[in-house]
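Residue-level structure breakdown
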Amino acid sequence: MTTINKSGPRPGRGLTHLLVGGITLLIMIPVGWVLVASLKRKSEFFGSPWTLPAGLHLQNYVDAFGGAQMGRYFATSVLVTLLGLVFVLAVSVPAAYVVARYEFRGKSIVEVALLAGLFVNVNYIVVPIFLMLVDWDRALVDVFPDGFFLDNPAVLSLVYAATSIPFTIYLLSAYFRSIPEDFEEAALLDGASRFRIMTRVMLPMARPAVTTVILFNFLAYWNDFIIALTLLPGEGKTLQVGLLNLMAAQKAAADPGRLYAGMVIVIVPVLLLYALIQRRLIQGMAAGGVKG
Amino acid sequence: MTTTLTPPTPGASKPAPGRSPTSRRGTAARGRRGDGRFVAICLLPALALFALFMIWPTVSVFRMSLYTWSGFSAQMRFVGLDNFSKLIDDEQFLRAFQNTVALLVVVTVVTMGMGLFLAAVMTRQKLRGHTFYRFVLYIPNVLSVVVIAAIFSAVYDQENGLLNGTLRALSLDGLQQVWLGDQKLVLYSVAIAMLWQSLGYYMVIYMSSMASIPEELYEASALDGAAATRQFFAVTLPLIWQNLRTTLTFFILSAVNLSFVLVRAMTGGGPDGASEVLLSYMYKQAYTNSAYGYGMAIGVVIFAFSFLVSLLVSRATRREPLQF
C-alpha cells in the first residue's frame, strides 16, 4: 500500500508524479487485466498472469452471451433500468415542482419525510419489501396462481423508482427553486395552465438537473444487485445477478474465460457512458454531494 | 446536504395556503383556485410510492424486531426486547460487529488520507495529466459492486490470480497467500477492495471543495514562507473542514453498506465468519436461518449504531465554520 507523502512536494515533482501515477496504475491494471483475460483460451490461464493471449479468443463471449445467458440478462437489465427511470421521473418531476413552488398544508412534514428518506438505505428494507410482496402474492393467489409481484421486472423497476424518490426530488426541487419565477408569471399571463407551465416552461429549463438525476439513477439501477437478487428469485435475472451466478458457477467449473467475458459485458456499457459524460457526472456529484 | 431545503422566496404575491380558493391576488403560479387539486395530483403518486416502499418497510423493520417469526407461517409471536438481549450473547454477531468497526476505522483513515493527499496534489500542483488521473481514479465508482467483487476475486484467486501469479512470476512464491481463504487476511483483502472502490470518489469531492479556496490565501501564506505541507495543514484543511465532516458521515454509511455488498458478493462472510459484517449477518439470519424477527433486530442495531456514530463524530469534529 502506498503511504501518504507527508513531506509534500519538497523532494520535487518527480516523487508526487510517481505516487499519483502509481496509484492510478493500481486502479487501471485490474480492469485492463480483466479486459485482456476475457480473450484468453482456457489453457492460457495457467502460468504467468502477465502473458498476452496468443489470439482473440472470442468464443468466451459467445459462451457468456449464449451459454451463460448474459444476453438475456442484459435485455432484462435494460428494460428494468429504463422503466425505473420512466417511473421515477414521472412521479418525481411534478412532486419536486410542487414542493419547490407551492404552499400547501403539511408541506413541512413532506419535506422532513423526504429528507429522512435520503438516509434510509435500501439494504435495510429489502427484507420487509420482499415479505410484503410475498404477502400480496399470497392474497392474490386466486387471480394470479403463479404470483404477480415477485419475479416481475416492472415491480422491480417500481421499487427502484420508489427508493430513489427522496434523492430525485431533493435535487430537482433545489434546481426548480433556483429558476426565477418571472418565467412562470409570464406564462400565466399568456393563459397557460398550471400543468402546461410545469411541463412546457419549467421542465425544459430544468434539463441540467434532470440529466444529472437520470445519470445517477441509471448507475444506481444498473449496478444494483441486492434488490434484484431478492425480488427476481426466478429465471429472469438482471445482469448483475447473472454475473454473480457466473462467479459461483466458475468456482465449480473452472472455466474462467466465460466469467471474464461476462465481466466485460457488464463493465463496457458503464465505462462507455462514463467516458462520454464524465465531466457532467463529476460536476453533478460535486454540486449535489451525492453518495454514488 | 440539508442547506438547500429552504422555503422558496416569495415572489410578487404572498404565498397563500393551497386550500383557500379565495386568494386570487397576484400573478405568481400559486394561490389560484384549484391549486389544492393540482398539488394533490402532482404530489400523491410520489408520496404513495415513497410511503409504500420506503416508509412502511422502515416501520416494519422496527416492528418485526419485537417478534419471533420464521417467515411464511402465520405464527408471529410478540417477544418484546428478547431478540435484542439474545444479541448480546451471540458471538457471531459480536464478531460481525467487530469486523464492521474495524473496516470502518481502517478504511476511513486510509481512504481519507490518500484522498486528501491526491486531491491536494492535483489541485495545488496543477499536475500535468491531472484530468486523466481523475478520469481513471473515478472509474471504480461507476462500476457495480458485483463487478468489483468479481475483479478482486480474480485478483486474489489462489491459483491463477493476478496477485499470486505475479508473485510466482517474480519467484517470490513464499509470499503467496490464500487472500480470501485465510481468516487473518480476509478482512484486509476486503478493506483493500473498499479502498480501491471509493478512493476516487472522495478525491473528487475533496478536489471540488479545495478548488473553491481563493488563490490569494495561498499566495499570502507563501509570502509568509509557508511550504506546501504547512499550507495544506494551515490553509487547506481548516477551509474544507465542513466538507470533511460531511464525508465522514458518508464513510460511516458506506462502511456499513459497501462492506456488506462486497462481502455478500466476494466471500459470503467466510471463511468461518471471518469476514462477516453486520448487514451480511442480518441477511443470513433473515433468509438462511428464517429468523426474520432476529434479523430485523440486528437491522435496528445497525441503524442505531450508524446513526449514533455519525452524531458523535459530527459533535466531536464541530468547529467554528471559517469563511473565505
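Calculation criteria
- Residues numbered from 1 in each chain as written.
- Chains lettered and ligands numbered in written order.
- Predicted model: local features only at pLDDT ≥ 70, side-chain atom pairs only at ≥ 80, totals over all residues.
- Heavy atoms only, no water.
- UniProt positions renumbered as here; feature names shortened; annotations may be inferred.
- Helix = DSSP H or I, 4+ residues; strand = E, 2+ residues; numbered from the N terminus.
- Buried < 20%, exposed > 50% of the residue type's maximum accessible area, 1.4 Å probe, protein only.
- Areas by Shrake-Rupley, 256 points an atom, 1.4 Å probe, with all protein chains shown as cover.
- Contact = heavy atoms within 4.5 Å.
- Buried area = accessible area lost by both parts, 1.4 Å probe.
- Salt bridge = Lys/Arg side-chain N within 4 Å of Asp/Glu carboxyl O.
- Polar contact = N/O pair within 3.5 Å; in protein donor to acceptor, adjacent residues only side chain to side chain.
- pLDDT = per-residue confidence, 0-100.
- Core = buried A, V, L, I, M, F, W, Y, C linked by side-chain atoms within 4.5 Å.
- Domains from an automatic or database assignment.
- Axes fitted to C-alpha atoms, helices over the stretch in contact; angles between N-to-C directions.
- Left-handed = near helix turned anticlockwise from the far one by under 90°.

As annotated in an unreviewed UniProt entry, chain A carries the name ABC transporter and is attributed to Micromonospora arida. If you open the UniProt record of chain A and go to Subcellular location (unreviewed entry), you find "Cell membrane". Turning to chain A, the UniProt annotation filed under Sequence similarities (unreviewed entry) states: "Belongs to the binding-protein-dependent transport system permease family."

**Brief notes about the overall build of chain A**
Secondary structure assignment for chain A yields 12 helices and zero strands. Helices (α) and strands (β) of chain A occur, in sequence order from the N terminus, as α-α-α-α-α-α-α-α-α-α-α-α. With 292 residues in all, chain A has 52% of them scored as buried. Roughly 12800 Å² of accessible area belongs to chain A as shown, and the carbon and sulfur atoms make up 66% of that amount.

**Brief notes about the overall build of chain B**
Helices and strands together make up the secondary structure of chain B, namely 12 helices and two strands. Taken across its 324 residues, chain B has 52% of its residues classed as buried. Long-range contacts, defined as pairs at least 24 residues apart, comprise 64% of the intrachain contacts of chain B with a sequence gap of at least 6. With an accessible surface of roughly 14900 Å², chain B has 63% of that area assigned to carbon and sulfur atoms.

**A short note on the interface of chain B and chain A**
On the side of chain A, 114 residues touch chain B, which itself brings 112 residues to the contact. Both faces combined, the contact of chain B with chain A buries some 10100 Å², and carbon together with sulfur accounts for 74% of it. For the pair chain B and chain A, the interface holds one salt bridge. Here A:Arg194 makes a salt bridge to B:Asp35, at a shortest N to O gap of 2.7 Å. Here chain B and chain A share eight residue pairs in polar contact (both at pLDDT 80 or more) between them. Counting residues per element, the side of chain B that touches chain A draws most heavily on helix α1 (residues 35-64) of chain B, at 19 residues.

**Looking at the confidence of the model for chain B**
All names here are of chain B. On average, chain B scores 82 in pLDDT, and the residues at 70 or more come to 88%. In the model of chain B, strand β2 (residues 76-78) stands out as the element of lowest mean pLDDT, 81, in contrast to α1, which has the highest, 93. The low-confidence segment residues 1-30, where pLDDT is below 50, has 59 contacts with residues more than four positions distant or belonging to other chains.

**Looking at the pattern of salt bridges**
All names here are of chain A. Taken as a whole, this structure holds seven salt bridges over all chains when the rule is applied. Between Glu184 and Arg101 there is a salt bridge, and its shortest N-O distance comes to 2.9 Å. Of this pair, Glu184 sits in helix α7 (residues 182-189) while Arg101 sits in helix α3 (residues 70-101), and the two are 83 residues apart along the sequence. By the burial criterion, Glu184 is buried, and Arg101 matches it. The shortest N-O distance in the salt bridge between Lys107 and Glu103 comes to 3.6 Å.

**A few points about the nonpolar core**
Of all hydrophobic cores here, the largest spans 198 residues; its most connected members are A:Met70, A:Phe176, B:Ile151 and B:Tyr206. No other element matches helix α7 (residues 186-211) of chain B, which puts 17 residues into this core. Both domains that meet at this core, namely domain 1 (50-84) and domain 2 (85-316) of chain B, each give it at least three residues. Not counting residues within four places of it along the chain, the set of residues in contact with A:Phe176 comprises A:Val93, A:Ala96, A:Tyr97, A:Ala100, A:Arg101, A:Met202 and A:Ala206. Formed by five residues, the second largest nonpolar core is a distinct cluster that contains B:Leu104, B:Ile252, B:Ala255 and B:Phe305.

**What about the packing of helix α5 (residues 122-139) of chain A against helix α12 (residues 292-316) of chain B?**
At a minimum axis distance of 9 Å, the contact between α5(A) and α12(B) shows a crossing angle of 150 degrees. α12(B) is crossed by α5(A), and the crossing has left-handed handedness. Of the residues in α12(B), those touching α5(A) at A:Tyr124, A:Val127, A:Pro128, A:Phe130 and A:Leu131 are B:Tyr292, B:Met296, B:Gly299, B:Ile302, B:Phe303 and B:Ser306.

**Some points on the UniProt feature "transmembrane region" (unreviewed entry) in chain A**
UniProt records the feature "transmembrane region" (unreviewed entry) at residues 15-36, 73-100, 112-134, 154-176, 197-222 and 259-277 of chain A, using the numbering of this structure. Structurally, residues 15-36 of chain A is divided into 100% helix and 0% strand, and its ends, taken at the C-alpha atoms, are 30 Å apart.

**Here's the deal with the environment of B:Leu87**
Residue and element names in this part refer to chain B. Within the secondary structure layout, Leu87 lies in helix α2 (residues 82-88). With relative accessibility at 3%, the residue Leu87 sits in the buried group. Linking Leu87 and Ile298, residues 211 residues apart in sequence, is a C-alpha distance of 7.8 Å. Ignoring any residue separated from it by four or fewer positions in sequence, one finds Leu87 in contact with Phe93, Tyr294, Ala297, Ile298 and Val301.

**A look at the side chain of B:Thr123**
All names here are of chain B. Summarising the element assignment, Thr123 is placed in helix α3 (residues 91-124). With a relative accessible area of 15%, Thr123 lands in the buried category. From its side chain, Thr123 meets the backbone oxygen of Ala119 in a polar contact 2.6 Å long. Setting aside its immediate chain neighbours within four residues, Thr123 contacts Met207, Met210 and Ala211.

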